[in-house]
Amino acid sequence: MNRSRANIEMKILGISAHYHDSAAALICDGVPVCAVQEERLSRRKNDAAFPAAAIEWCLDHAGLSPDDLDAVVFYERSMLKFERILNSALRAFPKSWRSFPHAMKNSLGEKVWVRGIIASHLGIPRRKILFTRHHQSHAAAAFLTAPSRRAAILTADGVGEWATLTVGHGERPANGRASISLLREIRFPHSLGMLYSTFTAYLGFAVNEGEYKVMGLAAHGRPTQVDRVRRLIRRTADGAFALDMDYFEYQSSASRSYSSRFVQLFGPPRNAYEPIDLDTAEGQRFADCAASVQRVLEDTLVDMTRALHRETGLPDLCLGGGVALNGVANARILAESGFERVFVPPAPGDAGCALGAALYADRIYFGQPDRDVQDHPFWGPSVNSKDLLRAAGEDGQNVEELADPQLIDRAADELHAGSVVGWMEGACEFGPRALGHRSILAAPHSSEMRDRINRDIKYREEFRPFAPVTNAESADRYFELPPGGARLGRFMSGVFPVRPEWRKRLAAITHVNGTARVQVLEREMAPRLSALLDAYGRRTGIPVLLHTSFNVAGEPIVCSALEGYSTFRRCGIDMLVATPVVVTKRGPSIAKSVKEEATA
Ligand SMILES: [Fe+2]
């Protein structure tokens, strides 16, 4: 591949696949055009398959054929990853005999032969296929999309090829070439992400999906087990850490992440099929475990980012990797590391690596001039309101088409009356969180509303909080945002205290420890939702809404209007909006019994 193609318009497709959350992203002339996770199209949550549908949609959306692509970039070096898997399996032999066939099957079948799979799938020459390192992709997704010219970078996840955490810095000089220097890395099996995932498994949640449940549960516990967790992770003199692998088995087993010694230390693991009862000693033990590993994760990240701040002397930090989804840790990093601003992209996890890999190839490998990347998460398929109009009409529901001001007033009235609103708008979010385009909205005032949404719509554990959304100019009034907090709140990447005087009137979104993972909405990012917040504020005096992703448990966030409609029909959502179409259910609404007390 010719590396000296500067200033030529290039079309680069980035792909992440075969672990979890496959995705594709397309950049043309240095600017992202579109990006989508495979799960949004295949409708299989956390779909890890080769993202055939995502690739097809990206190419269709941009009007390109595979031949038009200058490069296709895979988000990690599959041969290195295979080497790590093989190495770990052999080193642990004979203990590893069970995981070995599993590793071979996964790796030989897909991970290693990625170049061939991509070439044959797209019908492009193998020379057009490039590979970035996994953490280069994370770093690029975090730094090259951030509104910062120079920043320190920290990436942390479970594991890529070998690296599990990297530190470095990046530069995007005006009119110059961007650079990313990852200076040091921590290698498998020593991994903050795997430490957290091990507790995720121990606490009976699905690894790679249930980590945010651990964070939610942590707020119900006390960090009484910190000393025990610290036996698992030792800080090293050079500022890194090492795990005591006697407590873990993930390094040699595909099915079990913690060892019998771990169980001796912390007690029997939770049965995933039994609900957590926080009123029992056993339930509290699990909450304390969650609080303890959460505390150790935070402390470790704060120490490492503090050292990185001292080393780089830079005011900005970009965080990437799945660990950057931990909003409690992010808020502590902002408060305690010395960095003035902390940037977390909307998709810091592996899906975001598709975009990161494409950007890395464009800026670093091909040396194309740097470009500012639009600072929003809306890169996916757009909602088609005509589909909703037709489906809801044929189904005999109440359907209206309303001009914007009427539509917003109507939705605000419904929310004020206690209805739950499904809100679809424009392009789907890229990343795990709904940020205003595929959202379920409701009044944030009463715990009854929280329980109702848990019971009728999300079908999820009661210990998990819902998040609020509010306009940037109102955020300080309701939430204790430190300097830089609003930026973390842009993509819901930070957890902050709800001001004590508002907690009672924001009961549906205030977590048990008085915090909330607030989205701080800048008007230009989602103008209609912003206008809806204003309209709701005019009715209640509180321009804050409960805001959760538009999906039911076990399903991906809805993408198309029809998926939104199907979800609306199957659960307790009262009103569905895809501008200019508004659908309400025929028959008595179950919402009306819920009256909020915002103005009380
Ligand atoms: Fe990763």
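Quick note: structure is the one above.
So, here is what we can say about the structure in this document. These numbers were taken from a predicted model, which means no experiment stands behind them. Starting from 1, residues in each chain are numbered consecutively following that chain's sequence as written. Owing to the predicted nature of the model, reporting of local features is limited to residues with pLDDT of at least 70; listing and counting of side-chain atom pairs is limited to 80 or more, with chain, interface and lining totals taken over all residues. Heavy atoms from the whole structure form the basis of all side-chain values; hydrogens and water molecules are not counted.

A separate point is unusual backbone geometry. With an omega of 10 degrees, the peptide bond between F188 and P189 qualifies as cis. For helices the rule is a DSSP run of H or I covering at least 4 residues; for strands it is a run of E covering at least 2, with both sets numbered from the N terminus onward. Mapped onto the elements of the fold, P189 is located in the loop between β8 (179-187) and α7 (192-202). With a phi close to 55 degrees, D29 is a non-glycine residue in the positive phi region. Between buried and exposed lies partly exposed: a residue is buried under 20% and exposed over 50% of the maximum accessible area for its type, with that area taken using a 1.4 Å probe on protein chains only. Residue D29 is classed as partly exposed on the basis of its relative accessible area, which comes to 28%. One non-glycine residue, R43, lies in the positive phi region at around 65 degrees.

For Na, K and Ca the donor cutoff is 3.2 Å, while for all other metals N, O and S atoms must lie within 2.8 Å; water is not among the atoms, so some sites may look incomplete. The coordination sphere of the iron ion, as far as protein atoms go, consists of H134 (NE2), H138 (NE2), D157 (OD) and D350 (OD), spread over 2.1 to 2.2 Å. Around the iron ion, the four donor atoms are arranged such that angles at the metal cover 88 to 173 degrees; this shape is classified as irregular. The geometry test gives tetrahedral to four donors whose angles all lie between 85 and 135 degrees, gives square planar to four donors and octahedral to six donors whose opposite members are over 155 degrees apart with all other angles between 65 and 115, and gives irregular to the rest.

The next subject is the packing of aromatic side chains. Working definition: an aromatic ring pair is given by the centre-to-centre distance plus the angle between the planes. For Phe, Tyr and Trp, where Trp contributes only its six-membered ring, two rings pair if their centres lie within 6.5 Å, and the inter-plane angle classes them as stacked under 30 degrees, edge-to-face over 60, or tilted in between. Scanning the entire structure with this criterion turns up 17 aromatic pairs. Consider the rings of Y478 and W502, whose centres lie 4.7 Å apart with planes at 65 degrees: the pair is edge-to-face. Of this pair, Y478 sits in helix α17 (residues 472-478) while W502 sits in the loop between β19 (496-497) and β20 (515-516); the two residues are 24 residues apart in sequence, bridging distant segments of the chain. Ring-pair connections join several aromatic residues into one group, and the members of that group are F188, F199, Y202, F248, Y250, Y258, F262, F266 and F286. When the NZ atom of lysine or the CZ atom of arginine is within 6 Å of a ring's centre and also within 35 degrees of its normal, the charge is said to sit over that ring. The residue whose ring lies beneath R261 is Y247, and the NZ or CZ to ring-centre distance is 4.5 Å. In this structure, K585 packs its charged tip against the face of F568, placed 4.6 Å from the ring centre.

Attention now goes to the layout of surface pockets. If you roll a probe as big as a water molecule over the atoms, it shows you where there is empty space left. Only protein atoms enter the 1 Å grid, on which a cavity is a set of points fitting a 1.4 Å probe that cannot get out and a pocket is an open set with protein on both sides within 12 Å along at least 5 of 7 lines, lining residues being those with an atom within 4 Å of a point. Grid points are joined across faces, edges and corners, and a volume is the space filled by probe spheres set on the points. By volume, the second largest pocket is sized at about 240 Å³. Together, L165, V167, R184, E185, I186, D238, G239, A240, M304, A307, L308 and E311 line the second largest pocket. Mapped onto the lining of the second largest pocket, the elements with two or more residues apiece are β7 (163-171), β8 and α11 (281-312). The greatest single-element share of the lining of the second largest pocket, amounting to four residues, is contributed by α11. Residue classes follow a fixed rule: Ala, Val, Leu, Ile, Met, Phe, Trp, Tyr, Cys and Pro count as nonpolar, while Asp, Glu, Lys and Arg count as charged, and any other residue, Gly among them, counts as polar. Looking at side-chain class alone, the lining of the second largest pocket contains seven nonpolar, one polar and four charged residues.

The next thing to look at is the side chain of D157. Residue position: D157 is located in the loop between β6 (150-156) and β7. By relative accessible area, which is 5% here, D157 ends up buried. A polar atom in the side chain of D157 sits 2.9 Å from the side chain of H135. For the purposes of these results, a polar contact is taken to be a pair of N or O atoms within 3.5 Å, where, inside protein, one atom must be able to donate a hydrogen and its partner to accept one; residues adjacent in sequence count only when each atom of the pair is a side-chain atom. Engagement of the side chain of D157 in a polar contact is seen with the side chain of H138, the distance being 3.2 Å. When neighbours within four sequence positions are excluded, D157 is seen to be in contact with H134, H135, H138, A163, T164, S191, G193, M194, G321, G322, V323 and D350. By the convention used here, residues are in contact when the closest approach between their heavy atoms is within 4.5 Å.

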